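Tertiary structure, described
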Amino acid sequence: DTAVSQTPKYLVTQMGNDKSIKCEQNLGHDTMYWYKQDSKKFLKIMFSYNNKELIINETVPNRFSPKSPDKAHLNLHINSLELGDSAVYFCASSRTGGYTEAFFGQGTRLTVV
Amino acid sequence: SQQGEEDPQALSIQEGENATMNCSYKTSINNLQWYRQNSGRGLVHLILIRSNEREKHSGRLRVTLDTSKKSSSLLITASRAADTASYFCATDRSSGGSYIPTFGRGTSLIVHP
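Residues numbered from 1 in each chain as written. Chains lettered and ligands numbered in written order. Predicted model: local features only at pLDDT ≥ 70, side-chain atom pairs only at ≥ 80, totals over all residues. Heavy atoms only, no water.

1. Here we look at the pairing of strand β3 (residues 19-25) of chain A
Residue and element names in this part refer to chain A. Examined bridge by bridge, strand β1 (residues 4-7) and β3 share 4 bridges and lie antiparallel to one another. Counted as the bridge partner of Gln6 is Cys23 from β3. In this structure, β3 lies alongside strand β8 (residues 73-78), joined through 4 bridges in antiparallel fashion. Each bridged residue has a counterpart across the sheet, and for Glu24 the counterpart in β8 is His73. (Pairing = 2+ DSSP bridges. Helix = DSSP H or I, 4+ residues; strand = E, 2+ residues; numbered from the N terminus.)

Listed below in structure tokens is the structure:
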């Protein structure tokens with residue numbers, strides 16, 4: 001069974017569109033994250049949720065809105081897509097607290113044309 | 001920024017050689033982790049070293065941590081072509097009682113058969 005699964009794996013869309021990426025974890029973790037990896041492989045935290053509560057919201061345009069319907073899911077909705085949004089987006093989860101590893105999904109490669 | 005910065009950015013070696021990657025960070029940490037990312041995949045946790053530990057081993061991996069220099073190193077001994085991947089260090093950023101893995105750009109390792 002896949003521990004952290006995100007869909008879709010690839011997403012090609014036009015500028016101005018609205019799209020969503022879904023993420024689900026079956027590990028029973030309380031904390032989930034969204035990361036963005038740019039073309040230079042820099043992996044930057046975007047959001048972090050703990051027990052469905054937002055605990056980190058980095059300097060991300062408000063066109064990006066995470067939604068956590070329950071502890072096992074953290075979806076990412078993006079409005080009015082721009083060329084600069086093209087990147088690979090990773091969902092991850094972990095147990096709450098220190099000394100704990102994060103488990104990553106396979107990534108969603110978003111291409112805005 | 002608390003993110004780790006890996007060095008070198010790229011490393012190319014022959015199979016059987018050892019590979020050493022370094023990570024430097026700026027603020028105090030509770031732990032430091034190393035992750036591996038194969039091309040087109042998500043990150044996979046390799047090893048976690050606590051701030052009160054100086055060295056840790058896992059199979060062919062050896063991690064050291066020098067908190068006085070705010071640096072860590074990952075040594076892969078007797079490298080194999082299958083070790084070809086990007087390697088990231090992650091420091092733990094504290095936020096609201098949670099610890100957020102914070103990454104850098106990684107080191108791209110190529111092991112030639």
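2. Digging into the side chain of Thr13 of chain A
Residue and element names in this part refer to chain A. Structurally, Thr13 can be placed in strand β2 (residues 10-13). A distance of 2.9 Å separates a polar atom in the side chain of Thr13 from a polar atom in the side chain of Asn17. With near-sequence residues (within four places) excluded, Thr13 lies in contact with Lys19, Leu81, Leu110, Thr111, Val112 and Val113. (Polar contact = N/O pair within 3.5 Å; in protein donor to acceptor, adjacent residues only side chain to side chain. Contact = heavy atoms within 4.5 Å.)

3. Considering the pattern of salt bridges
This structure, assessed with the given rule, holds 7 salt bridges over all chains. Its salt-bridge partner being Glu55 of chain B, residue Arg62 of chain B comes within 3.2 Å of it at the nearest N-O pair. Residue classification places Arg62 of chain B among the partly exposed positions, given a relative accessible area of 30%. When salt bridges that share partners are traced, they join Arg63, Glu82 and Asp85 of chain A into one network. (Salt bridge = Lys/Arg side-chain N within 4 Å of Asp/Glu carboxyl O. Buried < 20%, exposed > 50% of the residue type's maximum accessible area, 1.4 Å probe, protein only.)

4. What to know about the interface of chain A and chain B
How large an interface is tends to be reported as the accessible area lost when its parts come together. Contacts between the two partners involve 26 residues from chain A and, on the opposite side, 24 residues from chain B. Across the chain A to chain B interface the summed buried area is about 2100 Å²; carbon plus sulfur atoms make up 55%. Summed over the three residues of chain A that lose the most area to chain B, namely Lys41, Phe42 and Tyr99 of chain A, the buried surface amounts to 28% of that side. Scanning the region where chain A abuts chain B turns up 0 salt bridges. (Buried area = accessible area lost by both parts, 1.4 Å probe.)

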